[in-house]
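The primary structure of each chain is shown beneath.
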Amino acid sequence: MLPDLPPLPALTRAEGELIDRYLDVVDLLGRINPARPGDTYSGLRAAQALVTKAAALRDALALMHRRGESEVHADTLARALRVLDGERRAARVTLPPLTDS
């Protein structure tokens, strides 16, 4: 049985869209990361999709700005990212730990 996750913090629709689009981009960057094992075709497909997902991320931020949501509530958005497994997903973008081999 999976552990109960904490509830997602209250977000505006635009903040929810920002979080979703940000995680889309992070997931693709993790697939492209040359320091991670994988094949070039998978990386190529992820890089091609990144263009569309980055535009969607830009649009989410533009929507927030147009709606007058000029401040990013980092603590709240960080809690949302943690609930949505953002730490694990973002870790794929960084360099993996050194091995002794």
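Quantities reported herein were computed from a predicted structural model and do not represent experimental measurements.

Draft legend 1. Just the environment of L50, in detail. Following the sequence through the fold, L50 ends up in helix α2 (residues 40-66). Discounting residues that sit within four places of it in the chain, L50 has contacts with V25, L28, L29 and I32.

Draft legend 2. The nonpolar core, seen in detail. Core analysis: the largest hydrophobic core is formed by 13 residues, its most contacted members being L18 and I19. For this core, the secondary structure elements donating two or more residues are α1 (13-32), α2 and α3 (74-83). Ranked by the residues each element gives to this core, the list is headed by α1, at six residues. Those residues in contact with L18 that sit more than four places away from it in its chain are L57, A60, L61, M64 and L77.

Draft legend 3. Just unusual backbone geometry, in detail. Phi angles above zero are rare outside glycine, and D85 is one such case at about 65°. Relative to the elements of secondary structure, D85 occurs in the loop between α3 and α4 (86-91).

Draft legend 4. Spatial organisation of the packing of α1 against α2. Axis separation between α1 and α2 bottoms out at 8 Å; the angle between their running directions is 160°. Considering the angle they form, α1 stands roughly antiparallel to α2. The element α1 and its partner α2 pack so that their crossing is left-handed. Among the residues forming the contact of α1 with α2, the class breakdown is 18 nonpolar, two polar and seven charged.

The rules we used
Residues numbered from 1 in each chain as written. Predicted model: local features only at pLDDT ≥ 70, side-chain atom pairs only at ≥ 80, totals over all residues. Heavy atoms only, no water. Helix = DSSP H or I, 4+ residues; strand = E, 2+ residues; numbered from the N terminus. Contact = heavy atoms within 4.5 Å. Core = buried A, V, L, I, M, F, W, Y, C linked by side-chain atoms within 4.5 Å. Buried < 20%, exposed > 50% of the residue type's maximum accessible area, 1.4 Å probe, protein only. Axes fitted to C-alpha atoms, helices over the stretch in contact; angles between N-to-C directions. Parallel < 35°, antiparallel > 145°, perpendicular 65-115°, else oblique. Left-handed = near helix turned anticlockwise from the far one by under 90°. Nonpolar A, V, L, I, M, F, W, Y, C, P; charged D, E, K, R; others polar.

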